[in-house]
Amino acid sequence: MRYVILRDDDTNVLTPPDCLERLYRPFLDAGLPVNLATIPAVSTDAKRPDGLPEAFLWRHASSEKRLPLQKEQMLVQYLRANPGFHVVQHGHHHDPFEFDRTDQAEIATRLEAGRALLQNAGFPRPETFVAPHDKFSPIGYREVASRYQVISTGWFELARLPRSWWPKYAIAKALRRPHWRVNGTMLLSHPGCLLSYMRPYDTMLEKIKAEVQSRSLTVLVTHWWEYFRDGQADDQFIAVLHSVADYLHSAKDVTVISFAELAAGKVPLD
């Protein structure tokens, strides 16, 4: 059996529920869990690492510097009314290098505050963490691993890992394992954002199928705002996403799971 975790990044207080509904209704109706990496209190001036504004702020019209998720009750109520959505923690404000820093106290404060904000919005205590732009420092990794059962990121680099993790990383690297464990925390990598408007639409589904068949567990990453760039729906891209839903639902050797199921030990990591 092959397992897939669908991870959609950047849900925040400004995300229109209608966008999530259009994208993920086929998944929800088929009983396929959708993991939303959710920003607890988004910075309204959030920038990418290259200094450009984050695209998920396209509906932004607030003068406030940060907006907590619970401020938009229509979105919160929509997510809570659809249990197929699983909210996981995506940073705190989504600053570009939010957890790629050396200040241990600052990292700890952001982790705890972000987790509390998601719980205050009525969601279960998050046990999975996704860093903005998958950026961690060694201290960032250590602080996150001490609090969360699952870390989902793009890749692992030796220089960014705590030194005490190096032996286990070396073993995982030698055995070509994309996922590994440290002190009970599961460390998951993913094969890039396969669902992206920057990739060819006509080969996207076949590429995803090949990646799913190449390993026991695949984290499939996308971003809701990529389907609605500048507020305009990309119908062709949305159709590709829905074809992925059809594939995941119909494939007899593929099971779609949530991060929570993995954390609960219901699915083997290796």
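Within each chain, residues carry numbers counting from 1 in the order of the written sequence. In view of the model being predicted, local features appear only for residues whose pLDDT reaches at least 70, and side-chain atom pairs are presented and counted only at 80 or more, with totals across whole chains, interfaces and linings using the full set of residues. Where side-chain values are given, they derive from all heavy atoms of the structure, hydrogens and water being excluded.

**Q** I'd like to hear about the pattern of salt bridges, residue by residue, with values.
**A** Think of a salt bridge as a Lys or Arg side-chain nitrogen and an Asp or Glu carboxyl oxygen that are within 4 Å of each other. For the coordinates displayed, the defined rule picks out 21 salt bridges. Note that glutamate 112 and arginine 147 form a salt bridge whose closest N and O atoms lie 2.6 Å from each other. On the criterion of sequence distance, the pair formed by glutamate 112 in helix H3 (residues 104-120) and arginine 147 in the loop between helix H4 (138-145) and strand E7 (150-152) is long-range, its members being 35 residues apart. Between lysine 209 and glutamate 206 there is a salt bridge; the shortest N-O distance is 3.5 Å. Placement of the pair is lysine 209 and glutamate 206 together in helix H6 (residues 201-213), with a separation of three residues, close to one helical turn. Each residue is placed in one exposure class: buried if its accessible area under a 1.4 Å probe, protein chains only, is under 20% of its type's maximum, exposed if it is over 50%, and partly exposed if it falls in between. Lysine 209 gets classed as partly exposed once you look at its relative accessible area, which sits at 26%. Where salt bridges share partners, they join Asp95, Glu98, Glu106 and Arg110 into one cluster. Numbering of helices and strands runs from the N terminus; a helix is a DSSP stretch of H or I covering at least four residues, while a strand is a stretch of E covering at least two.

**Q** Give a description of the pairing of strand E5 (residues 85-90) that names residues and reports values.
**A** Remember that side chains alternate between the two faces of the sheet whenever the strand is regular. Burial analysis of E5 places five of its six residues in the buried class, which makes it a mostly covered element. In this scheme, strands are said to pair when DSSP sees at least two bridges between them. Pairing geometry for E5 and strand E6 (residues 128-130), over two bridges, is parallel. Among the inter-strand pairings, glutamine 89 is bridged to a residue of E6, identified as phenylalanine 129. Once you follow E5 into H3 and on to E6, the crossover reads as right-handed. With strands facing away from the observer, any crossover in which the path from the first strand over the helix to the second runs clockwise is taken as right-handed.

**Q** Account for the packing of helix H1 (residues 17-29) against helix H7 (residues 235-250), with residues named and values stated.
**A** Helix axes are fitted to C-alpha atoms over the stretch in contact, other axes to C-alpha atoms as well, and angles between N-to-C directions run from 0 to 180 degrees. Orientation of H1 relative to H7, taken along the N-to-C sense of each, is 15°, at an axis distance of 9 Å. In terms of their interaxial angle, H1 and H7 are classed as roughly parallel. When the axes of H1 and H7 are compared, the crossing they make is right-handed. Counting all contacts with H1, which are made through Arg22, Leu23, Tyr24, Pro26 and Phe27, the residues of H7 involved are Asp235, Ile238, Leu241, His242, Ala245 and Leu248. Under this scheme an angle from 65 to 115 degrees is roughly perpendicular, one under 35 degrees roughly parallel, and one over 145 degrees roughly antiparallel; angles in between are oblique. With the far helix as reference, a near helix turned anticlockwise by less than a right angle produces a left-handed crossing, and one turned clockwise produces a right-handed crossing. Note on contacts: a residue pair qualifies if any of its non-hydrogen atoms lie within 4.5 Å across the two residues.

**Q** Any chance you could break down the nonpolar core for me, citing the residues and the numbers?
**A** In these notes, a set of buried Ala, Val, Leu, Ile, Met, Phe, Trp, Tyr and Cys residues joined through side-chain atoms within 4.5 Å is what counts as a nonpolar core. Ranked by size, the top nonpolar core spans 51 residues in total, and within it Leu20, Tyr24, Phe27, Leu79, Phe85, Leu195 and Leu248 carry the most contacts. Every element with two or more residues in this core is listed here: strand E1 (2-11), H1, strand E2 (34-38), helix H2 (73-81), E5, H6, H7 and strand E11 (254-257). With eight residues, H7 is the single largest residue contributor to this core. Ignoring anything within four residues of it in the chain, the contact list for leucine 248 reads Val4, Phe27, Leu32, Val254 and Val256.

**Q** Please give an account of the packing of aromatic side chains that cites residues and values.
**A** A pair of aromatic rings is counted whenever rings of Phe, Tyr or Trp (Trp by its six-membered ring) have centres within 6.5 Å, and the orientation is called stacked for planes under 30 degrees apart, edge-to-face for over 60 and tilted otherwise. Considering all chains together, one arrives at 14 aromatic pairs under this definition. The interplanar angle of 85° and the centroid separation of 5.0 Å between the aromatic rings of phenylalanine 99 and phenylalanine 129 together place this pair among those described as edge-to-face. Of this pair, phenylalanine 99 sits in the loop between E5 and H3 while phenylalanine 129 sits in strand E6, and the two are 30 residues apart along the sequence. No difference in accessibility class separates phenylalanine 99 from phenylalanine 129, as the two residues are buried. Between the aromatic rings of phenylalanine 156 and tryptophan 180, the centroid separation amounts to 5.3 Å while the plane-to-plane angle is 75°, which identifies the pairing as edge-to-face. On the criterion of sequence distance, the pair formed by phenylalanine 156 in the loop between E7 and helix H5 (166-174) and tryptophan 180 in strand E8 (residues 179-182) is long-range, its members being 24 residues apart. This pair shows no difference in class: phenylalanine 156 is buried, exactly as tryptophan 180 is. Every member of this aromatic cluster is reached through a ring pair, and the members are Phe99, Phe129, Phe136, Tyr141, Tyr148, Phe156, Trp165, Tyr169 and Trp180. Across from the ring centre of tyrosine 148, 4.2 Å away, lies the NZ or CZ of arginine 115, which sits over that ring. Taking NZ or CZ as reference, arginine 229 lies 4.2 Å from the ring centre of tyrosine 197, over its face. Consider the ring centre and the ring normal. A charge sits over the ring if Lys NZ or Arg CZ is within 6 Å of that centre and within 35 degrees of that normal.

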